[in-house]
Amino acid sequence: LFALCHFHSLMLERKKFGPMGFNMKYPFNSGDLRDSAQVLYNYLEGSTAVKIPWDDLRYIFGEIMYGGHIVDDWDRRMCEKYLNYFMRDDLLDELEMIPFADGKLSWPSPQPGPHEKYLEHIESMPGESPLFFGMHPNAEINFRTAQCDRTFDLLTALMMGSGAVGDEEGGLTPMAVAEVMCSEILEEV
């Protein structure tokens, strides 16, 4: 389950790198993880076999659950590579949870234990980096540039004119507009 959650987070966070992360934007969400976790539970609880059916699980997750969203062949291959890496017996030992980082970034899989131990292990995760996703460190440049562009566009919109913003905002000051936007964002979160 830990590897499935980690795989899900990699699939979600890759989107922020735009075309370097995925060739298209995919609507992965918590429902994909929830349903995949249920399938995993059903497979493990309903199986009398001693060996975990990794091939079946990789197919279900990669071709149906997550693969049902993926339409680009290169993105499908990337998803398949992640699943081949995470969904294997080595996972139950100390598997490296950051695939394709070539030793530049390391975070081993957690040892079996209570829920609190898993939370502690998650807290020990290294800071986010493109290496987490098997990308070159420079991949972050495009993401950060786009992020800065959006921030400066927002700041420019807030600074329109001196004093009041246009009629669509009811003549609010830039500070009032910012406060309204912040409260809307907090309500969404």
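Residues numbered from 1 in each chain as written. Predicted model: local features only at pLDDT ≥ 70, side-chain atom pairs only at ≥ 80, totals over all residues. Heavy atoms only, no water.

## Quick word on unusual backbone geometry
- The backbone of Phe100 shows a phi angle near 65°, a positive value even though the residue is not glycine.
- Among the secondary structure elements, Phe100 is positioned in the loop between helix H4 (73-86) and helix H5 (115-123).
- Here Phe100 falls in the partly exposed class, since its relative accessible area comes to 44%.
- Its identity is not glycine, yet Asp102 carries a phi of approximately 50°, on the positive side.
- Topologically, Asp102 is positioned in the loop between H4 and H5. (Helix = DSSP H or I, 4+ residues; strand = E, 2+ residues; numbered from the N terminus. Buried < 20%, exposed > 50% of the residue type's maximum accessible area, 1.4 Å probe, protein only.)

## Details of a nonpolar patch on the surface
- On the surface, Leu119, Ile122 and Met125 cluster together into a nonpolar patch covering about 240 Å² of accessible area.
- Structurally, Ile122 is set in helix H5.
- Taking the relative accessible area as the measure of exposure, Ile122 reaches 36% and is therefore partly exposed. (Patch = residues over 30% accessible without salt bridge, like charges linked within 9 Å, V, L, I, M, F, W, Y side chains within 5 Å. Areas by Shrake-Rupley, 256 points an atom, 1.4 Å probe, with all protein chains shown as cover. Salt bridge = Lys/Arg side-chain N within 4 Å of Asp/Glu carboxyl O.)

## Re the packing of aromatic side chains
- For the coordinates displayed, the defined rule picks out 14 aromatic pairs.
- An angle of 50° between the planes, with centres 5.7 Å apart, marks the rings of Phe28 and Tyr66 as tilted. Taken together, the residues Phe28 in the loop between helix H1 (2-13) and helix H2 (30-46) and Tyr66 in the loop between helix H3 (54-65) and H4 connect sequence positions 38 residues apart.
- Exposure remark for Tyr66: the relative accessible area of 0% places this residue in the buried category.
- On the numbers, 6.1 Å between centres and 40° between planes, the contact of Tyr82 with Phe100 is tilted. With Tyr82 in helix H4 and Phe100 in the loop between H4 and H5, the pair connects residues that are 18 residues apart, well separated along the chain.
- Taking NZ or CZ as reference, Arg88 lies 4.8 Å from the ring centre of Tyr85, over its face. (Phe/Tyr/Trp six-rings, centres within 6.5 Å; stacked < 30°, edge-to-face > 60°. Lys NZ or Arg CZ within 6 Å of the ring centre and 35° of its normal.)

## Details of the pattern of salt bridges
- Within this structure, the stated rule accounts for 7 salt bridges.
- Across the salt bridge formed by Arg58 and Asp55, the nearest N and O atoms sit 2.3 Å from each other. A residue pair is termed a helical-turn pair when its members lie 3 or 4 positions apart in one helix, as Arg58 and Asp55 do in helix H3 at 3 residues.
- What makes Arg58 buried here is its relative accessible area of 19%.
- You can call Asp55 exposed: its relative accessible area is 56%.
- We note a salt bridge from Glu140 to Arg144, for which the minimum N-O separation is 3.0 Å. Taken together, the positions of Glu140 and Arg144, both in helix H6 (residues 139-158) and 4 residues apart, correspond to about one turn of that helix.
- Members of the salt-bridge network, linked through shared partners, are Glu13, Lys16 and Glu128.

## Re the environment of Phe100
- As a C-alpha pair, Phe100 and Tyr82 span 18 residues in sequence and 9.5 Å in three-dimensional space.
- Apart from residues lying up to four places away in sequence, Phe100 is in contact with Lys81, Tyr82 and Gly134. (Contact = heavy atoms within 4.5 Å.)

## Some words on the confidence of the model for the protein chain
- Residues at a pLDDT of 70 or more form 94% of the protein chain, whose mean pLDDT is 87.
- Every residue in residues 162-167 is under pLDDT 50, and counting partners more than four places away or in other chains gives 12 contacts. (pLDDT = per-residue confidence, 0-100.)

## A look at H1
- In this model, H1 (12 residues) spans 16 Å end to end at C-alpha, consistent with the 16 Å of a helix rising 1.5 Å per residue.
- All of the buried residues along H1 are Phe2, Ala3, Leu4, His6, Phe7, His8, Leu10 and Met11.
- Buried residues in H1 make contact with H2, H3, H4 and H5. (Expected span 1.5 Å × (residues − 1).)

## Description of the side chain of His6
- Its location among the elements puts His6 in helix H1.
- Of the residues examined, His6 reaches a relative accessible area of 6% and is grouped as buried.
- Each residue touching His6, except ones within four places of it in the same chain, is listed here: Phe86, Met97, Trp107 and Phe132.

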